[in-house]
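What the coordinates show
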Amino acid sequence: MKKDDCIFCRIANGDIGSNTVYEDEDFRVILDLNPGSRGHMLILPKEHADDLFELSDEYCEKLMLVARKVALAAKEALGAQGINLVQNNGEAAGQTVKHFHMHIIPRYDGDDRGMVNWTPHESDPEAQKQIEEAIKSELSKM
Ligand code: 5GP
Ligand code: ZN
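Residues numbered from 1 in each chain as written. Chains lettered and ligands numbered in written order. Predicted model: local features only at pLDDT ≥ 70, side-chain atom pairs only at ≥ 80, totals over all residues. Heavy atoms only, no water.

Moving on, we get to the side chain of Gln95. Mapped onto the elements, Gln95 comes out in the loop between β4 (82-86) and β5 (102-107). A distance of 2.7 Å separates the side chain of Gln95 from the backbone nitrogen of Gly90, its partner in a polar contact. Excluding its chain neighbours within four sequence positions, the residues that come into contact with Gln95 are Asp50, Asp51, Asn88, Asn89, Gly90 and His101. (Helix = DSSP H or I, 4+ residues; strand = E, 2+ residues; numbered from the N terminus. Polar contact = N/O pair within 3.5 Å; in protein donor to acceptor, adjacent residues only side chain to side chain. Contact = heavy atoms within 4.5 Å.)

Given below as structure tokens:
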């Protein structure tokens with residue numbers, strides 16, 4: 001269902017104009033208003049989902065095919081040397097718009113890589129084992 005008070009629902013369904021590079025019955029792919037790089041795009045499902053956890057299995061299955069297609073087109077059209085796929089869920093992860101979206105970010109040699117980064121820490125084998133067990137245990141319940 002689309003939500004009238006959701007900006008990305010309105011963009012995805014064409015009620016608000018956007019620089020659309022791709023559209024099918026499920027998704028619209030637009031240029032980001034404040035791009036982190038030349039050609040930064042967003043894949044928006046036309047149905048509302050707050051985040052990945054609300055996105056239906058059907059949309060999840062189709063999403064990666066769209067992502068690969070537009071990423072490849074951007075690579076060719078813009079001469080990007082690399083592409084980041086980024087998808088934020090929750091404020092802690094940097095999500096600012098509560099309608100699922102996947103960022104497709106073309107990358108060029110010499111980019112600062114400022115948008116997609118984390119600080120690598122040394123890992124503790126015991127802690128890693130505990131994390132491994134905790135996630136596997138949760139998965140076994142699904
Ligand atoms: P988030 O931080 O939630 O993962 O990313 C939200 C993204 O949406 C940002 O990159 C921001 O620039 C983009 N954005 C927010 N509002 C609009 C809009 O009205 N139009 C477009 N094209 N992009 C938007
Ligand atoms: Zn929405």
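Cys6 (SG), Cys9 (SG), His48 (ND1) and His99 (ND1) make up the full set of protein donors to the zinc ion (ligand 2), lying at 2.0 to 2.3 Å. The sequence pattern formed by the donor residues of the zinc ion (ligand 2) is C-x2-C-x38-H-x50-H. (Donors = N, O, S within 2.8 Å, 3.2 Å for Na, K, Ca; no water.)

Turning our attention to the layout of surface pockets. Here the largest pocket defines a volume of roughly 520 Å³. Phe8, Asp32, Leu33, Leu42 and His103 are the residues nearest the centre of the largest pocket, which is lined by 26 residues in total. For the lining of the largest pocket, the secondary-structure elements that each account for two or more residues are α1 (7-12) and β2 (27-31). It is α1 that contributes the most residues to the lining of the largest pocket, three residues altogether. Of the residues in the lining of the largest pocket, the class split is 13 nonpolar, twelve polar and one charged. (1 Å grid on protein atoms, 1.4 Å probe; cavity = no way out; pocket = protein on both sides within 12 Å on 5 of 7 lines; lining within 4 Å. Points joined across faces, edges and corners; volume = space filled by probe spheres on them. Nonpolar A, V, L, I, M, F, W, Y, C, P; charged D, E, K, R; others polar.)

Right, let's talk about the sheet that holds β4 for a bit. Ordered in space as β1-β2-β3-β5-β4, the five strands form an open sheet in which the pairing is antiparallel. Of all the strands in the sheet, the pair left with one neighbour each is β1 (20-23) and β4. Geometrically, the sheet is characterised by an average inter-axis angle of 20° between neighbouring strands, direction not taken into account. Strand contacts of helix α2 (residues 57-78): β1, β2, β3 (41-45), β4 and β5, with the helix running at about 20° to β5, the strand carrying the most contacts. (Pairing = 2+ DSSP bridges. Axes fitted to C-alpha atoms, helices over the stretch in contact; angles between N-to-C directions.)

For the rest of this paragraph, the subject is α2. When the terminal C-alpha atoms of α2 are compared, their 32 Å separation across 22 residues agrees well with the 32 Å that a helix rising 1.5 Å per residue should span. At Leu63, α2 is deflected by roughly 25°, the largest bend along its length. For α2, the full list of buried residues reads Tyr59, Leu63, Val66, Ala67, Val70, Ala71 and Ala74. The inward-facing, buried residues of α2 abut β1, β2, β3, β4 and β5. Positive phi appears at Gly79, one or two residues downstream of α2, with a value of about 70°. (Expected span 1.5 Å × (residues − 1). Bend = angle between axes of the 7 residues up to and from the residue. Buried < 20%, exposed > 50% of the residue type's maximum accessible area, 1.4 Å probe, protein only.)

Structurally, Ile104 is set in strand β5. Residue classification places Ile104 among the buried residues on the basis of a relative accessible area of 0%. Sequence separation between Ile104 and Val86 is 18 residues, and the spatial gap between their C-alpha atoms is 6.6 Å. Setting aside residues no more than four positions away along its own chain, Ile104 makes contact with Gly39, His40, Met41, Ile43, Ala67, Val70, Ala71, Ile83, Asn84 and Leu85.

On to the site of ligand 1, then. Looking at ligand 1, there are 15 residues lining it, with Asp32, Gly94, Thr96, His101 and His103 nearest. Here an oxygen atom of ligand 1 sits 3.1 Å away from a polar atom, N or O, in the main chain of Val97. Here His101 contributes a side-chain N or O atom positioned 2.8 Å from an oxygen atom of ligand 1. Isolated, ligand 1 exposes 520 Å² of accessible area, and the fraction of that covered by the protein chains is 80%. Taken atom by atom, the bulk of ligand 1 overlaps the largest pocket. Elements supplying a minimum of two residues to the shell around ligand 1: α1 and β2. Within the shell around ligand 1, the residues separate by chemical class into seven nonpolar, seven polar and one charged. (Near = heavy atom within 4 Å. Areas by Shrake-Rupley, 256 points an atom, 1.4 Å probe, with all protein chains shown as cover. Sits in = over half its atoms within 2 Å of the grid points.)

These figures come from the coordinates and say nothing about function on their own.
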